[in-house]
Amino acid sequence: DICNYFKSGALTAVYIVNKPNDDEDFIMRVTDEQTVDINKYNFDINLGIKENIPNYLYYGPFKVGYERYNYSIGQKYNIIDDLRIETFDKKKLFFHNVLKLLSKLQNKNYFINDFKPANIAYDKKYNPILIDYDPKTVDNKTDFRVQTFLCYKHPQYVGTKQTVDG
């Protein structure tokens, strides 16, 4: 396997991993924090956003000397910067899917902390993927460990019919 540095975030180094004679690339995230919170991951799958969260294949700890790190390997997605070379219809489809995701979460009174272009990628069907997917954001009980959280302040607000219907 070939592993090349791709980019880094505040707490994570990201590498592209590819196998010789294989067209599919993967992403490996390395950090000194837990990379995948399986309870949070399962919660979001049950929330109905499985198509919008990374598809992890492997994750776990490893050591280099005395230092302990964590890794996760998952499917590689197109980064938001790649969208600029897509056709107008593909861009429109992507943004339509972003609005559908936000509407779905809003209707369940959830929202995503740190939702910004740098934290969104897209798959081959132009579905948004939340690539900065870690458990260190706020939930409804101010437990700083989950990324999506229930909004109790205005639970009656579910959006307009136009946003719900896409």
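What you see as residue numbers is a count from 1 along each chain, following the sequence as written. Local features are withheld for residues below a pLDDT of 70 in this predicted model, meaning they are given only at 70 or higher, and side-chain atom pairs are given and counted only at 80 or more; totals for whole chains, interfaces and linings count all residues. Each side-chain value is derived from all of the structure's non-hydrogen atoms; neither hydrogens nor water enter the calculation.

1. Observations regarding the pairing of strand β2 (residues 12-18)
Counted residue by residue, β2 has six buried out of seven residues, so it is predominantly covered. For strand β1 (residues 2-8) and β2, the ladder comprises six bridges, and the chain directions are antiparallel. Across the sheet, Ile 2 pairs through a bridge with Asn 18, a residue of β2. Linking two consecutive strands that pair antiparallel, namely β1 and β2, is a turn of three residues. Between any two strands, at least two bridges found by DSSP are needed for them to pair. Put simply, DSSP marks the helices as runs of H or I at least four residues long and the strands as runs of E at least two long, and each gets a number from the N terminus on. Examined bridge by bridge, β2 and strand β3 (residues 25-31) share seven bridges and lie antiparallel to one another. The residue bridging Thr 12 from the neighbouring strand is Thr 31, located in β3. Between β2 and the antiparallel strand that follows it, β3, lie six residues; Asn 21 among them carries a positive phi value of about 65 degrees. Each residue gets one of three labels from its accessible area relative to the maximum for its type: buried under 20%, exposed over 50%, partly exposed in between, using a 1.4 Å probe on protein chains only.

Note that every value here comes from positions in space, so none of it alone points to a role or purpose.
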